[in-house]
Amino acid sequence: MTNTLRIDLSNSIPAIPQEEWDAARKRIQEAQRILMQGDGPGNDFLGWKELPRNARSLLPDITETAARIRENSDALIVVGIGGSYLGARAVIEALRPPFAGGPEVHYAGQHIDGAWLRALMLHLDDKRVSINVISKSGTTTEPALAFRVLRQWMERRYGREGASQRIIATTDAARGALRGLADAEGYKTYVIPDDVGGRFSVLTPVGLLPIAAAGLDIAGLLDGAEAMLERSMSDDPAINSALSYAAVRDALYRSGKRVEVLASFVPAFSGITEWWKQLFGESEGKNGKGIFPAAVNNTTDLHSLGQYIQDGERMLFETFLVADAVDGDIAVPTTDEDADGMGFVAGKSFLDVNRNAHLGTALAHSEGGVPNSTIHLMDTGAASIGALLYMFETAVAYGGYALGVNPFDQPGVEDYKRNMFALLGKPGYEDLRARLLSHNNAR
């Protein structure tokens with residue numbers, strides 16, 4: 001069982017009182033028991049736990065569809081919001097080399113911006129396009145609006161029948177607006193399992209199809225996740241990294257730290273930090289509880305937010321995300337002159353320079369009152385990324401149960417939608433519209 005991930009708590013543990021650390025470990029051990037037995041809140045959404053094994057039966061079909069997309073398309077548009085696109089985007093950006101060939105991958109339906117959508121269509125006007133629309137219901141506002149536009153655009157370009165051959169729908173097995181449309185139009189479809197919530201869906205067709213269409217190793221992704229699944233059965237933190245990560249977060253939160261900053265030192269991991277923010281924000285932020293998840297991309301953000309982290313209010317802690325090996329690294333060249341003063345690093349690899357930037361930052365922030373942990377990935381390959389994603393999913397389940405919240409629902413997400421529907425005049429929202437307009441006019 002290859003260990004592609006390890007976590008270093010040496011800059012966190014000293015900031016935690018011993019009694020709080022002991023209590024946190026007990027809470028997380030109890031949370032692990034609840035998750036393993038499946039008797040906690042949200043236990044009807046635990047299908048993600050076995051996805052590294054169960055999703056393998058889908059790989060031949062997904063691989064075949066992905067190959068067809070790559071053969072017939074210059075671009076793939078992934079239409080979705082939240083978990084319907086963040087996981088795929090995170091993996092694609094982490095694994096696909098910059099400026100790589102193959103179909104361009106674009107994302108739509110994650111915001112409400114008609115000018116951006118128009119610009120996307122203009123950009124793709126002379127390219128062969130496929131669409132993967134991802135929605136359990138088909139009525140979520142942002143992707144529904146984008147797909148309404150993009151579907152008409154595709155039908156104008158390819159005709160209704162031709163468009164139906166280029167649109168793949170990932171949706172509910174039997175119900176919902178998108179399921180009905182897909183069946184009527186003859187779209188190729190994949191199913192979002194009923195027992196897997198959106199932010200845990202990257203190892204379902206929601207994530208696997210776009211990742212495969214980008215030409216990436218989805219089997220390797222599942223290999224890494226399955227190795228971490230096996231480790232999650234252990235109650236030894238040295239084996240089960242999710243226990244260590246969840247415990248240090250819990251202890252620091254109860255010691256007064258309210259914000260966690262996930263700081264990546266690998267530019268390609270910026271998509272992972274965005275996925276992580278949704279995973280932890282939606283899972284833990286309930287009932288007036290929870291750690292606020294923020295993210296920075298270093299060393300870039302050391303020249304902006306780094307000042308606040310070093311010297312600002314002491315309500316935060318950090319988790320660094322680094323890779324111990326990367327593909328395609330280069331060395332700092334030697335020159336006859338040393339006008340830039342960089343001669344002292346000549347001959348060193350960029351990875352070595354970056355590694356020391358991380359170490360220097362971790363020490364400086366620790367001395368400045370910011371406890372920090374470091375997640376080390378063995379490399380930037382598919383198995384390492386799969387292990388990381390599964391570790392985060394497991395840790396957030398532990399953390400939610402330790403807080404006493406349901407880690408698998410998101411009731412607060414619906415509040416803005418009700419107000420937006422009322423203000424836009426959706427039938428059935430007349431009383432709420434009147435109240436909102438009256439409140440706004442009274443301000």
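Structure first, text after, so check above.
Structural notes, computed from the coordinates.

Definitions and cut-offs
Residues numbered from 1 in each chain as written. Predicted model: local features only at pLDDT ≥ 70, side-chain atom pairs only at ≥ 80, totals over all residues. Heavy atoms only, no water. Buried < 20%, exposed > 50% of the residue type's maximum accessible area, 1.4 Å probe, protein only. Helix = DSSP H or I, 4+ residues; strand = E, 2+ residues; numbered from the N terminus. Pairing = 2+ DSSP bridges. Axes fitted to C-alpha atoms, helices over the stretch in contact; angles between N-to-C directions. Parallel < 35°, antiparallel > 145°, perpendicular 65-115°, else oblique. Contact = heavy atoms within 4.5 Å. Nonpolar A, V, L, I, M, F, W, Y, C, P; charged D, E, K, R; others polar. Lys, Arg positive; Asp, Glu negative; His and termini not counted. Salt bridge = Lys/Arg side-chain N within 4 Å of Asp/Glu carboxyl O. Polar contact = N/O pair within 3.5 Å; in protein donor to acceptor, adjacent residues only side chain to side chain. Patch = residues over 30% accessible without salt bridge, like charges linked within 9 Å, V, L, I, M, F, W, Y side chains within 5 Å. Areas by Shrake-Rupley, 256 points an atom, 1.4 Å probe, with all protein chains shown as cover. Charge placed at Lys NZ, Arg CZ, Asp CG, Glu CD.

### What about the pairing of strand β7 (residues 259–264)?
Phase 1: Most of β7 is tucked away, with 6 of its 6 residues classed as buried.
Phase 2: Side chains V259, V261 and A263 project from β7 onto one buried face, and the interleaved E260, L262 and S264 project onto a second face that is buried too.
Phase 3: Bridge count for β7 against strand β8 (residues 292–297) is 6 bridges, and the pairing is parallel. Each bridged residue has a counterpart across the sheet, and for S264 the counterpart in β8 is N297.
Phase 4: Strand direction decides the pairing type here: β7 and strand β9 (residues 316–323), joined by 6 bridges, are parallel.

### What to know about the packing of helix α1 (residues 18–37) against helix α14 (residues 382–403)
Phase 1: Where α1 contacts α14, the two axes come as close as 8 Å, and the packing angle between them is 110°. What the angle tells us is that α1 and α14 run roughly perpendicular. Residues R27, I28, A31, Q32, I34 and L35 of α1 touch α14, and the partners they reach there are T394, A397, Y398, Y401 and A402.
Phase 2: Among the residues making up the contact of α1 with α14, the classes are represented as 8 nonpolar, 2 polar and 1 charged.

### With respect to the side chain of D301
Phase 1: Examined against the element boundaries, D301 turns out to sit in the loop between β8 and α12 (306–311).
Phase 2: Within the buried core, D301 has no salt-bridge partner, and the shortest N-O distance to an opposite charge, that of K277, equals 9.3 Å.
Phase 3: For D301, the side chain forms a polar contact with the main-chain nitrogen of N297, separated by 2.8 Å.
Phase 4: In this structure D301 touches V296 and G306, once residues within four positions along its chain are discounted.

### Remarks on helix α8 (residues 205–213)
Phase 1: Most of α8 sits inside the fold, with 9 of its 9 residues counted as buried.
Phase 2: Of the positions making up α8, those classed as buried are P205, V206, G207, L208, L209, P210, I211, A212 and A213.
Phase 3: Just downstream of α8 lies G215, where phi reads positive at about 85°.

### A look at a negative patch on the surface
Phase 1: Negative charge collects at one region of the surface, where D336, E337, D338 and D340 lie side by side.
Phase 2: Assignment of secondary structure puts D340 in the loop between β9 and α13 (350–367).
Phase 3: By relative accessible area, D340 is classed as exposed at 57%.

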